[in-house]
Amino acid sequence: MHAMALLSKEGNHSQRLSEGRQKRRLRNSFTTALGKTKKARKKGNLQLNKLRRNIFSSTILQLTVKSAIVESDMKESKDVLEWTMQDLVQKMTDADIPQTITDVVFSDPIHGHIELHPLCIAIINTPQFQRLRFCKRIGLCSFVFPGAEHNRLEHSIGVCHLAGQLARSLQEHQPSLGITEQDILCVEVAGLCFNLGRGPFSRLYNDRFLSAVYGIHKNIRPTVAMFEHLIEDNKLRDLFDVYGLSEADVHFIKEQLEVIGPTGSTCWPYKGRTKEKAFLYEIVCNRRNGIDVYKMDYIARDCHNLGIQSNFDFSRYIKFARVLESDGEWQICTRDKEIGNLYNLFYTRYKLNKTAYNDKVVSAIEIMVTDALKYADDFIKFKGINDRVYKLSECHKDMKAFTQATDNVLVKILEYEGDQSGMVKAKQIVENIIRRQLYTCVFESRPIGSSHVFVRFSFSL
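It should be emphasised that the depicted structure is a prediction, and the values quoted were computed from it without experimental measurement.

Student: Is there a simple way to explain the state of the cysteines in this structure?
Tutor: Note on terminology: disulfide describes a covalent bond linking the sulfur atoms of two cysteines. Under the defined criterion, the tally for this structure stands at zero disulfides. Just so you know, Cys-120 is unpaired, no disulfide at all, and the nearest cysteine sulfur is the one on Cys-160, 3.9 Å from it.

Structure (structure tokens):
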């Protein structure tokens, strides 16, 4: 009996200790959530943003926010939390949005585990974005480099991740810049959607095929049109509202996709953000100096899949990047000791161009595919809006038709069983590529009087 009484006392004592720990943890969590100190208030804001991002269900959202309101003893916190509950629940109800959208973690071979915003996940889960799964990042290089099978979908996710990393690093190290969560989300969405306007076979569609069909160089990238079609076709505009993105924010995303030109000018060309936030336009695609996260991801990803060494450290660049005022504009700058790292960025890009992108055999295959597409252009059709039919060389004019244009065009040519002369010739060329009966490089030359090396190809069977 005495022993049992002792055990009972010890059990009660341990139970009281456990309850005390739980109470202290709850007290600490509420202190953090309600912002009792300056440091805790910052954490509270982060938790509030997290609450806006992770919408499990309207019922749980109401219960969570109401419990926080009850425990709050600060009028400001009550007002913010009350607005958050009413705003989010009402928008979810009106928009009929799936209530299971949460952050999703991707396992990426370059960046490790990537966590993306629910809005980015909603964009990824659309036919327009999934089309990039069937468009290789470096076109026809896989015929020479078997490992180069990576696609533009994974590249886009990587750009989105790096864009968010750089924007958050600037927000953390320079609070005076006033970078908001909406700014970061806009930059992430722009990075995610930057490849939407890419045609089949990467640069071949514009640089070779359309130029051969129209007789002049065509630089067509209907990225903004595809982005608008993606939002309208999948009814995502209300979801943008749910996550706090206004019409000005959407316009800001489109401006990043369009890239009017370098921001340095006497007349500010953009409307999505003011001149004080000019640096935001240099994160995804930097027209000022070419140092941007789009380039950083494709260099790291291409080198990984091609087996080419890259000495550029993008995480180090992001760590040391700062925004400074220069020439009357706020620009993304870096320390002088980072010049070696930036040299590695552009040297690796040069090495990729020389070794892989402009390889002689790759160029020969590109010319053969261009010839095949020209022969097949009148016979490969894509159905667009209002059931209008477009050729391959015209599908960029209609986003519904363009969604169907991928690298699988070669498969369509190979599977052709008819007797149309154009398709028969196209099929013969593609079969020659598969059998490795390629065009032969006859000569290469350097233009007279030029200090640069230019390679000119002439091919024959």
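Student: I'm lost on unusual backbone geometry in this one. Help?
Tutor: The bulk of non-glycine residues show a negative phi, and the bulk of peptide bonds are trans. Backbone geometry places Phe-201, a non-glycine residue, at a positive phi of 60 degrees. Residue position: Phe-201 is located in the loop between α8 (181-193) and α9 (204-214). With relative accessibility at 3%, the residue Phe-201 sits in the buried group. With a phi close to 55 degrees, Lys-235 is a non-glycine residue in the positive phi region. Position of Lys-235 relative to the elements: it lies in the loop between α10 (223-233) and α11 (237-242).

Student: Looking at this structure, how should I read the nonpolar core?
Tutor: One recurring pattern in soluble globular proteins is that nonpolar side chains are buried together. If you look at the biggest cluster of nonpolar residues, it comprises 117 residues, and the most contacted ones within it are Phe-227 and Phe-240. Contact partners of Phe-240, with chain neighbours within four places excluded, come to Leu-119, Ile-123, Phe-227, Ile-231, Leu-245, Val-250 and Ile-253.

Student: Before we go on, may I ask you to explain the packing of helix α7 (residues 152-173) against helix α13 (residues 293-306) in this structure?
Tutor: A pair of packed helices can be characterised by two numbers: the angle between their axes and the separation between those axes. Remark: α7 packs on α13, axes separated minimally by 9 Å, with the N-to-C direction vectors making an angle of 130 degrees. In terms of axis orientation, α7 runs oblique to α13. In terms of crossing hand, the pair formed by α7 and α13 is right-handed. Contact residues: α7 offers Arg-152, Glu-154, His-155, Gly-158, Val-159, Leu-162, Ala-163 and Leu-166, while α13 offers Val-293, Tyr-294, Met-296, Asp-297, Tyr-298 and Arg-301. Split into classes, the residues belonging to the contact of α7 with α13 amount to eight nonpolar, two polar and four charged.

Student: Looking at this structure, I do not really get the side chain of Ser-393. What am I missing?
Tutor: Its location among the elements puts Ser-393 in the loop between β6 (389-391) and α17 (399-402). Residue Ser-393 is classed as buried on the basis of its relative accessible area of 2%. A polar atom in the side chain of Ser-393 sits 2.7 Å from the side chain of Asp-377. With near-sequence residues (within four places) excluded, Ser-393 lies in contact with Tyr-205, Phe-209, Leu-210, Val-213, Tyr-214 and Asp-377.

Definitions and limits used
- Each chain carries its own residue numbering, running from 1 in the written order of its sequence.
- Only residues with pLDDT of 70 or above have their local features reported here, since the model is predicted, and side-chain atom pairs are shown and tallied only from 80 upward, although totals for entire chains, interfaces and linings are computed over all residues.
- Processing note: side-chain calculations cover all non-hydrogen atoms of the structure and skip hydrogens and water entirely.
- Disulfides are defined as pairs of cysteine sulfur atoms found within 2.5 Å of each other.
- In this description a helix means any DSSP run of H or I spanning at least four residues, a strand means any run of E spanning at least two, and both kinds are numbered starting from the N terminus.
- Burial classes follow relative accessibility: with a 1.4 Å probe on protein chains only, a residue under 20% of its type's maximum area counts as buried, one over 50% as exposed, and anything between as partly exposed.
- In plain words, nonpolar cores are sets of buried Ala, Val, Leu, Ile, Met, Phe, Trp, Tyr and Cys residues tied together by side-chain atoms within 4.5 Å.
- When checking whether two residues touch, look at their non-hydrogen atoms; a contact exists if any pair is within 4.5 Å.
- Axis angles are defined between N-to-C directions and span 0 to 180 degrees, where every axis is a line fitted to C-alpha atoms and, for a helix, only to the segment in contact.
- Note that the term roughly parallel is reserved for angles under 35 degrees, roughly antiparallel for angles over 145, roughly perpendicular for angles of 65 to 115, and oblique for everything else.
- Rotating anticlockwise by less than a right angle from the far helix to the near helix defines a left-handed crossing, while the corresponding clockwise rotation defines a right-handed one.
- Each residue gets one label: Ala, Val, Leu, Ile, Met, Phe, Trp, Tyr, Cys and Pro are nonpolar, Asp, Glu, Lys and Arg are charged, and the others, such as Gly, are polar.
- Between N or O atoms, a polar contact is any pair within 3.5 Å; within protein, one atom must be a potential hydrogen donor and the other a potential acceptor, and residues adjacent in sequence are included only when both atoms are from side chains.

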